[in-house]
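Summary of the model geometry
What follows is the residue order along each chain.
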Amino acid sequence: MDTPIRIQFVCLGNICRSPLAEGLFREKVEAHGLGNAFEIDSSGTGDWHVGSKADGRMRKTARKHGLSIEDHRASQFQPADLEAYDHIFVMDKSNLNDVLYLDENDAYSGKVRLFRELDPEPGNYQVPDPYQGGKEGFEHVYQIVNRTAEVLLNRLIDEYDLTPQAA
């Protein structure tokens, strides 16, 4: 591939769900030896956490599973991201509406999807926001994101005819 497949995960503040999705997806991509095939990022629809680390509870949950998201710094989704990324996966319907609102000419709606559309156990198709809850909510989100990221990677491997390598 000449250019990497550009993936962005989007939640509300970019401190819980989307940084976890970015980290887990990156880990899975690297485990398949496909790091050069992807450019992976995350952002939030709101701006109040820009520059902040991921939520401490989410960092702790990730660490418990052997994943570090310590280097993450929150950023805000920008209208230019609609063109820049090949696939944009949002965590809930509110994020979906916020991102699609920025697509004034409806030129990029085919790139924007609910992340849990790929979840084998999609529930209501939304990744719940654990921010106001206890540690159980963060673990629940980890389980959702982990299994969905695996399905997503396999779909993209098929779609782009990628050949996984030993990492």
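Provided above is the structure to which this section pertains.
What this report covers is the structure whose coordinates are included nearby. Predicted, not measured: the structure shown is a model, and the values here were computed from it.

Moving on: the nonpolar core. Side chains that are nonpolar tend, in soluble globular proteins, to be buried together. Membership of the largest hydrophobic core comes to 37 residues, with the highest contact counts inside it found for Phe9, Leu20, Phe25, Phe38 and Phe115. Among the secondary structure elements, those contributing two or more residues to this core are strand S1 (5–11), helix H1 (17–31), strand S2 (38–44), helix H2 (56–64) and helix H5 (135–159). Top element by residues in this core is H5. It accounts for 10 residues. Discounting chain neighbours no more than four positions away, the residues touching phenylalanine 25 are Ile7, Phe9, Phe38, Ile40, Ala149, Leu152, Leu153 and Leu156. Counting residues in each nonpolar core, the second largest holds 10 residues, with Phe77, Ile88, Val99 and Leu114 among its members.

Let's shift gears to the packing of aromatic side chains. A ring pair, where both rings are aromatic, is described by two values, the distance of the centres and the angle of the planes. Counted under the stated rule, the structure contains five aromatic pairs. Judged by centre distance (5.7 Å) and plane angle (65 degrees), the ring pair of phenylalanine 9 and phenylalanine 25 falls under edge-to-face. Of this pair, phenylalanine 9 sits in strand S1 while phenylalanine 25 sits in helix H1, placing them 16 residues apart in sequence. Taken together, a centroid distance of 5.7 Å and an interplanar angle of 85 degrees make the contact between phenylalanine 9 and phenylalanine 115 edge-to-face. Within this pair, whereas phenylalanine 9 is found in strand S1, its partner phenylalanine 115 is found in the loop between strand S4 (112–114) and H5, the two being separated by 106 residues in sequence. The same class applies to phenylalanine 9 and to phenylalanine 115, which are both buried. One aromatic cluster is present, formed by Phe9, Phe25, Phe38, Phe89 and Phe115 through successive ring pairs.

One non-glycine residue, asparagine 14, adopts positive backbone phi at about 65 degrees. By the secondary structure assignment, asparagine 14 is in the loop between S1 and H1. The backbone of tyrosine 125 shows a phi angle near 70 degrees, a positive value even though the residue is not glycine. One can find tyrosine 125 in the loop between S4 and H5.

What follows covers the pattern of salt bridges. Scanning all chains against the criterion turns up 13 salt bridges. The partner of arginine 17 in a salt bridge is aspartate 129, and the shortest N-O contact between them spans 3.7 Å. Linking arginine 17 in helix H1 with aspartate 129 in the loop between S4 and H5, this pair joins segments that are 112 residues apart in sequence. The exposure class of arginine 17 is buried, given its relative accessible area of 1%. Here arginine 147 makes a salt bridge to aspartate 119, at a shortest N to O gap of 2.7 Å. Taken together, the positions of arginine 147 in helix H5 and aspartate 119 in the loop between S4 and H5 put the pair 28 residues apart, joining distant regions of the chain. Classification of arginine 147 as partly exposed rests on a relative accessible area of 23%.

Moving on, we get to the sheet that holds strand S3 (residues 87–90). If you trace the four strands from one edge of the open sheet to the other, you get S2-S1-S3-S4, paired in parallel fashion. Either end of the sheet is taken by a strand with one partner, and the two such strands are S2 and S4. Sheet twist, expressed as the mean angle between neighbouring strand axes with direction ignored, is 25 degrees. Across the sheet, helix H4 (residues 93–101) lies against S1, S3 and S4, angled at about 170 degrees from S4, the strand it touches most. Across the face of the sheet, H5 comes into contact with S1, S2 and S3 while running at roughly 160 degrees to S3.

Reading the values: the criteria
- Residues numbered from 1 in each chain as written.
- Predicted model: local features only at pLDDT ≥ 70, side-chain atom pairs only at ≥ 80, totals over all residues.
- Heavy atoms only, no water.
- Core = buried A, V, L, I, M, F, W, Y, C linked by side-chain atoms within 4.5 Å.
- Buried < 20%, exposed > 50% of the residue type's maximum accessible area, 1.4 Å probe, protein only.
- Helix = DSSP H or I, 4+ residues; strand = E, 2+ residues; numbered from the N terminus.
- Contact = heavy atoms within 4.5 Å.
- Phe/Tyr/Trp six-rings, centres within 6.5 Å; stacked < 30°, edge-to-face > 60°.
- Salt bridge = Lys/Arg side-chain N within 4 Å of Asp/Glu carboxyl O.
- Pairing = 2+ DSSP bridges.
- Axes fitted to C-alpha atoms, helices over the stretch in contact; angles between N-to-C directions.

On their own, these measurements won't tell you what the molecule is for.
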